[in-house]
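# Coordinates in review
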Amino acid sequence: VRYESQAPVRYESQGSMAAATEVYFICLTGGPCAGKTSALERLRRHFEQRGLRVYLVPEAATMFWENGCSPTDLGEEERRIAFQTAL
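Here goes a summary of the coordinates provided. Note that the coordinates shown come from a computational prediction; the quantities given were computed from them, not determined experimentally.

### Points about the overall build of the protein
Counting its regular elements, the protein contains 3 helices and 4 strands. Out of the 87 residues in the protein, the part that is buried amounts to 3%. Taking the intrachain contacts of the protein between residues at least 6 apart in sequence as the baseline, contacts between residues at least 24 apart amount to 22%. Entry remark: accessible area of the protein is about 7,500 Å², with carbon and sulfur atoms responsible for 54%.

As structure tokens, then:
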């Protein structure tokens, strides 16, 4: 599993909320069975126990495959590779 992080992004809010909120993005990458899901769960618990809000976003490919898209729908191998590259 590879861990990547960006510097915090500051979002200005409107109304009675705080003037700005720092938002951190963490991206976990790795091959199948590399431990991404396990690491993600540990990170979520770690940050929530410290009072931070955690939002989990599924990877784009998972959303396609879980909602009816199939690699065979893409046709020839060259198109499948182009699709994966675009994701």
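The rest of the description comes next.
### A closer look at the pattern of salt bridges
Under the criterion given, the structure shown has 3 salt bridges. The partner of Arg45 in a salt bridge is Glu41, and the shortest N-O contact between them spans 3.9 Å. Placement of both Arg45 and Glu41 in helix α1 (residues 36-49) is noted, with a separation of 4 residues, approximately one turn of the helix. On the accessibility criterion, Arg45 (39% relative accessible area) is partly exposed. Across the salt bridge formed by Glu48 and Arg44, the nearest N and O atoms sit 2.5 Å from each other. In this pair, Glu48 and Arg44 both sit in helix α1, 4 residues apart, roughly one turn of the helix. Because the salt bridges share partners, they merge into one network encompassing Glu41, Arg44, Arg45 and Glu48.

### Considerations on a nonpolar patch on the surface
On the surface, Phe64, Trp65 and Leu87 cluster together into a nonpolar patch covering about 270 Å² of accessible area. Summarising the element assignment, Leu87 is placed in the segment after α3 (77-86). Look at Leu87 and you get partly exposed, because its relative accessible area is 43%.

### Regarding the packing of aromatic side chains
The relation between two aromatic rings is expressed through the spacing of the ring centres and the mutual angle of the planes. Tallied over the entire structure, the rule returns 1 aromatic pair. Here the aromatic rings of Phe64 and Phe83 are separated by 5.2 Å at their centres, their planes lie at 75°, and the arrangement is edge-to-face. Taken together, the residues span a long stretch of sequence, with Phe64 in helix α2 (residues 60-66) and Phe83 in helix α3 at a distance of 19 residues.

The rules we used
- Residues numbered from 1 in each chain as written.
- Predicted model: local features only at pLDDT ≥ 70, side-chain atom pairs only at ≥ 80, totals over all residues.
- Heavy atoms only, no water.
- Helix = DSSP H or I, 4+ residues; strand = E, 2+ residues; numbered from the N terminus.
- Buried < 20%, exposed > 50% of the residue type's maximum accessible area, 1.4 Å probe, protein only.
- Contact = heavy atoms within 4.5 Å.
- Areas by Shrake-Rupley, 256 points an atom, 1.4 Å probe, with all protein chains shown as cover.
- Salt bridge = Lys/Arg side-chain N within 4 Å of Asp/Glu carboxyl O.
- Patch = residues over 30% accessible without salt bridge, like charges linked within 9 Å, V, L, I, M, F, W, Y side chains within 5 Å.
- Phe/Tyr/Trp six-rings, centres within 6.5 Å; stacked < 30°, edge-to-face > 60°.

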